[in-house]
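# Structural description and commentary
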Amino acid sequence: QVQLVESGGGLVQAGGSLRLSCAASGRTFSSYRLGWFRQAPGKDREFVASINWSGNKVYADSVKGRFTISRDNVKNTVYLQMNSLKPEDTAVYSCAARQVGVPEYSQWGQGTQVTVSS
């Protein structure tokens, strides 16, 4: 198993940028696909982006071209660089991990708040 701790959230104006970090502990970091999800008030949690050990990335259509996911396999950390932020990006962002070959994310961080003001 891995334990996940997010950081980097905050308040930013529309058009600004933030970088979220998710530090993972555990010796099997390489066997997990890591993802970012978000949940806005009154809405369901939605997928944002994910990345595997070799760097294969998947993005939600709503963030393509604005967000970039990356991972540092030495530091056991995954990042989400968010540019051109919009008020509709306001949400609690959570990092998650799922083992390769397993369809569901089983490990979750506590989440970090991102607020984009107009």
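Residues numbered from 1 in each chain as written. Predicted model: local features only at pLDDT ≥ 70, side-chain atom pairs only at ≥ 80, totals over all residues. Heavy atoms only, no water.

## Structural notes on the sheet that holds strand E1 (residues 3-7)
- Read from one edge to the other, the open sheet built from four strands follows the order E1-E3-E8-E7, with strand pairing classed as antiparallel. At either margin of the open sheet sits one strand with a lone partner, and together these are E1 and strand E7 (67-72). Neighbour-to-neighbour, the strand axes of the sheet open up by a mean angle of 15°, direction not taken into account.
- Direction of pairing for E1 relative to strand E3 (residues 18-25): antiparallel, over a ladder of five bridges. Each residue of the ladder has a partner; that of Glu6, found in E3, is Cys22. (Pairing = 2+ DSSP bridges. Helix = DSSP H or I, 4+ residues; strand = E, 2+ residues; numbered from the N terminus. Axes fitted to C-alpha atoms, helices over the stretch in contact; angles between N-to-C directions.)

## Here we look at the pattern of salt bridges
- A full pass over the atoms with the stated rule returns four salt bridges.
- The salt bridge partner of Asp89 is Arg38, with a shortest N-O separation of 2.9 Å. Taken together, the residues span a long stretch of sequence, with Asp89 in the loop between strand E8 (77-82) and strand E9 (91-99) and Arg38 in strand E4 (residues 32-39) at a distance of 51 residues.
- A salt bridge links Arg66 to Asp89; its shortest N-O distance comes to 2.7 Å. In this pair, Arg66 sits in the loop between strand E6 (57-59) and E7 while Asp89 sits in the loop between E8 and E9, placing the two residues 23 residues apart along the sequence.
- On the accessibility criterion, Arg66 (12% relative accessible area) is buried.
- A relative accessible area of 1% places Asp89 in the buried class. (Salt bridge = Lys/Arg side-chain N within 4 Å of Asp/Glu carboxyl O. Buried < 20%, exposed > 50% of the residue type's maximum accessible area, 1.4 Å probe, protein only.)

## Observations concerning the packing of aromatic side chains
- With the rule as written, the count across this model stands at four aromatic pairs.
- Ring geometry for Phe37 and Trp108: centres 5.0 Å apart, planes at 55°, overall tilted. Of this pair, Phe37 sits in strand E4 while Trp108 is found in strand E10 (residues 107-108), placing the two residues 71 residues apart along the sequence.
- Between Tyr105 and Trp108, the aromatic rings sit 6.3 Å apart at their centres with planes inclined by 55°, giving tilted as the arrangement. (Phe/Tyr/Trp six-rings, centres within 6.5 Å; stacked < 30°, edge-to-face > 60°.)

## What to know about the state of the cysteines
- If you walk through the whole model with that rule in mind, you get one disulfide.
- Covalently, Cys22 is tied to Cys95 through a disulfide, its sulfur atoms 2.2 Å apart. Between Cys22 and Cys95 the sulfur-sulfur dihedral comes to about -80°; the bridge is accordingly left-handed. Placement of the pair is Cys22 in strand E3 and Cys95 in strand E9, with a sequence separation of 73 residues.
- Relative accessible area serves as the criterion here: at 1%, Cys22 is assigned to the buried category. (Disulfide = S-S within 2.5 Å.)

## Describing the nonpolar core
- Ranked by size, the top nonpolar core spans 29 residues in total, and within it Trp36, Val48, Phe67, Val78, Leu80, Met82 and Tyr93 carry the most contacts.
- Of all the secondary structure elements, the ones that give two or more residues to this core are E3, E4, strand E5 (46-51), E7, E8, E9 and strand E11 (112-117). (Core = buried A, V, L, I, M, F, W, Y, C linked by side-chain atoms within 4.5 Å.)

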